[in-house]
2 protein chains.
Amino acid sequence: MISRPRIPRPTAKRLNLYLRECEELLAVGHSKASSQMLADALGLTAAQIRKDLTHLSVLGQPGVGYSLLELSQTLRETIGLTRSWRAVIVGVGNIGRAVLSYAPFRSENFAIVAAFDTNTEIVGKSWSGRVVHPMHELKSVVKQLRAELGIVAVPADAAQDVVDQLVAAGVRGILNFAPRRVIVPEGMQITSVDFQVELRRLVFEVVLAGEDKVEGVVRG
Amino acid sequence: MISRPRIPRPTAKRLNLYLRECEELLAVGHSKASSQMLADALGLTAAQIRKDLTHLSVLGQPGVGYSLLELSQTLRETIGLTRSWRAVIVGVGNIGRAVLSYAPFRSENFAIVAAFDTNTEIVGKSWSGRVVHPMHELKSVVKQLRAELGIVAVPADAAQDVVDQLVAAGVRGILNFAPRRVIVPEGMQITSVDFQVELRRLVFEVVLAGEDKVEGVVRG
DNA sequence: CTCTGTGAAGAATTTCACAGCG
DNA sequence: CGCTGTGAAATTCTTCACAGAG
């Protein structure tokens, strides 16, 4: 087995953006794209795109650019999207429902195979075709359906407890929507999407952009 | 007149995590925290925390640590959270509704002052206390309510058009939930939250972790 | 003691710039 | 030509390691 040279973290994060862009360009009928074209679309530099792509096994055609079909295919393989992934979701509140009915997931190799909640008014009902299980069934259902990913869409207070249960149930990665930092054991992957943090980041960007225009302002 | 030295981008992103952690620690009764304590909680190094905090005007107490009250206050000022921000949201579908009823926003200085949608079945009704306006009122309402932020929660196809309209209406920053790259003019701030990209990133992390059994810990 | 603040060192990442290919 | 692939340079970011404060 040939071990791929380590992909730098920043590159790994960008690969997904490249894939999204490739798929978009393919959808509108393009078949090739130069590094400059991708760079313009994504707000990066052409050199960076080329450097990033050297970590993959795609080669561009000098004078022409990259084959979008080949590039997107390689990206999907690299990222791990050529196999299917099963996820369970915990929390069927507002965010949980939005995720359950999120259209882009349906066309992917992602299947949300079960939903869980503590609310007895929700348990037993079905949302977007999935029956909501009570929490005590989490472990057995995860095992039985061989789910590998967990999606956490519960209030902040419950997040760590739910994460612990998912870890105990044997998932390999967690997508966390709860606005709280959670701790996972070594080897467990977690990606957090915190609306509040993102909104605050945006505000900070706006503030910083405002300072740049007004030179020499005192702060703090 | 002292101008604050530029805050490195990675530091700027982390400040929000520091703030979240400070508020959490305050909520559970702590009043001080050492850089090591924060580092452990956030999966970073103590040196990095201290270095980051030198960009602020807080001083830690040698032998003790940082005052959480002072630190959180300074962070809030730096980020721009000591003033209030008005936002409008476009798109009252699943994600839009989740955002409209997102509890953590309510306790903040964020006010979503108006909602917009193209769906005539939704327009005129109210969601979480906000009447849904038709799109053609966007500009006038943004102006009238002096909204500075726009939240985009529409399908991918409509994203760029909506962003253009928000820019034309005069917002200063945009939080984009649509799973598509959008282009904004120089000076306009945009932060994107793409569930699909995040899920794919998680999958990639799981795949990479499977290849080399090193990695993991805390994020988010 | 413990813990901060910080220059200096080290590592990682980005950009440059150009040879070489179609 | 136009565009890739890539060493080398430049830059940015992180970690080290230790003086100094309480």
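Please refer to the structure placed before this passage.
Residues numbered from 1 in each chain as written. Chains lettered and ligands numbered in written order. Predicted model: local features only at pLDDT ≥ 70, side-chain atom pairs only at ≥ 80, totals over all residues. Heavy atoms only, no water.

**As for the sheet that holds strand β9 (residues 189-192) of chain A**
Strand-to-strand pairing in sheets goes through backbone hydrogen bonds, with the strands running parallel or antiparallel. Residue and element names in this part refer to chain A. To keep it simple, the criterion reads: Being paired, for any two strands, means DSSP has found at least two bridges between them. Counting from the N terminus, the helices are the DSSP runs of H or I reaching at least four residues and the strands are the DSSP runs of E reaching at least two.
Read from one edge to the other, the open sheet built from seven strands follows the order β5-β6-β4-β3-β7-β8-β9, with strand pairing classed as mixed. Bordering the open sheet on either side are β5 (126-127) and β9, each of which pairs with just one other strand. One ladder, built from four bridges, connects strand β7 (residues 149-152) with strand β8 (residues 173-176); its direction is parallel. Residue pairing for β8: Ile-151 is matched across the bridge by Leu-175.

**Focus: the protein's contact with DNA strand D**
Filter applied, for reference: Near, as used in this document, describes a residue that has one of its heavy atoms within 4 Å of the molecule or strand being considered. Two N or O atoms count as a polar contact when they lie within 3.5 Å, although within protein this holds only if one can serve as hydrogen donor and the other as acceptor, and sequence-adjacent residues are included solely when both atoms are side-chain atoms.
For DNA strand D, the set of nearby residues contains 23 residues, the closest of which are Ser-35, Arg-50, Gly-60 and Tyr-66 of chain A together with Pro-10 of chain B. When atoms of DNA strand D within 4 Å of the protein are split into backbone and base, the sugar-phosphate part holds 60%. One of the side-chain nitrogen or oxygen atoms of Arg-14 of chain B is found 2.9 Å away from a phosphate oxygen of DNA strand D. At 3.2 Å from a sugar or linking oxygen of DNA strand D is found a side-chain nitrogen or oxygen belonging to Gln-48 of chain B.

**Considering the relation of the copies chain B and chain A**
Spelled out, the test is: For the least-squares superposition of copies, only C-alpha atoms count, and only for residues with pLDDT at least 70 in both. Any two residues whose heavy atoms approach within 4.5 Å at even a single point are treated as in contact.
Of the transformation placing chain B onto chain A, the axial shift is 0.0 Å and the rotation is 180 degrees, giving an RMSD of 0.0 Å. Here the two chains are linked by the operation of a two-fold rotation axis. A high fraction, 92%, of the interface residues of chain B reappear at the interface in chain A, so the copies pair face to face through one surface.

**A look at the interface of chain B and chain A**
The following threshold applies: Accessible area, probed at 1.4 Å, shrinks when two parts are joined; the buried area is that loss added up over both. We define a salt bridge as a side-chain nitrogen of Lys or Arg found within 4 Å of a carboxyl oxygen belonging to Asp or Glu.
The partner chain A presents 74 residues to the 73 residues of chain B that form the contact. Carbon and sulfur atoms supply 61% of the area that chain B and chain A bury against each other, a total of about 7200 Å² over both sides. It is Phe-195, Arg-200 and Phe-204 of chain B in chain B that bury the most area against chain A; as a group they hold 11% of the surface buried on that side. Along the contact surface separating chain B from chain A lie ten salt bridges. For Arg-180 of chain A, the salt bridge goes to Glu-24 of chain B, with nearest N and O atoms at 3.2 Å. Scanning the region where chain B abuts chain A turns up 18 residue pairs in polar contact (both at pLDDT 80 or more). Every element with two or more residues in the side of chain B that touches chain A is listed here: α1 (9-27), α2 (35-42), α4 (68-79), α5 (94-100), α6 (103-106), β8 (173-176), β9 (189-192) and α9 (195-211) of chain B. The dominant element in the side of chain B that touches chain A, judged by the number of residues it contributes, is α9 of chain B, at 17 residues.

**A look at the packing of aromatic side chains**
Each aromatic ring pair is summarised here by two numbers: the centre-to-centre distance and the angle between the ring planes. Short version of the rule: Put simply, two rings from Phe, Tyr or Trp (the six-membered ring, in Trp's case) pair if the centres are within 6.5 Å, and we call them stacked under 30 degrees between planes, edge-to-face over 60, tilted for the rest. Burial classification: accessible surface area is computed with a 1.4 Å probe over protein chains only, and a residue below 20% of its type maximum counts as buried, one above 50% as exposed, and the rest as partly exposed.
As enumerated under the stated definition, the model contains nine aromatic pairs over all chains in all. Residues Phe-105 of chain A and Phe-110 of chain A carry aromatic rings whose centres are separated by 6.2 Å and whose planes lie at 65 degrees to one another, so their mutual orientation is edge-to-face. In this structure Phe-110 of chain A comes out as buried when scored by relative accessible area, which is 10%. Where Phe-195 of chain A meets Phe-177 of chain B, the ring centres are 5.1 Å apart and the plane angle is 65 degrees; that geometry is what we call edge-to-face. Separated into two different chains, Phe-195 of chain A in helix α9 (residues 195-213) and Phe-177 of chain B in the loop between β8 and β9 make up a pair that spans both. Residue class for Phe-195 of chain A comes out buried when judged on its relative accessible area of 2%. Site record: aromatic cluster; members linked through ring pairs are Tyr-102, Phe-105, Phe-110, Phe-177 and Phe-195 of chain A together with Tyr-102, Phe-105, Phe-110, Phe-177 and Phe-195 of chain B.

**Looking at the pairing of β9 of chain B**
Residues and elements named next belong to chain B. Of the two faces of β9, only one is covered, namely that formed by Gln-189 and Thr-191; the face formed by Ile-190 and Ser-192 stays uncovered. Pairing between β8 and β9: four bridges, direction parallel. Within the sheet, the bridge partner assigned to Leu-175 lies in β9 and is Thr-191.

**Observations concerning the nonpolar core**
The condition that has to hold: Only buried residues count toward a nonpolar core, which is a set of Ala, Val, Leu, Ile, Met, Phe, Trp, Tyr and Cys residues joined through side-chain atoms within 4.5 Å.
Phe-195 of chain A together with Phe-195 of chain B are the most contacted members of the largest nonpolar core, which totals 104 residues. Considering each element in turn, this core owes the most residues, nine residues, to α9 of chain A. Dropping the residues within four chain positions of it, Phe-195 of chain A is found in contact with Ile-95 and Phe-177 of chain A together with Val-99, Tyr-102, Phe-105, Phe-177 and Phe-195 of chain B. Core analysis: the next-biggest nonpolar cluster, separate from the first, contains 23 residues, Leu-138, Val-162, Leu-166 and Ile-190 of chain A among them.

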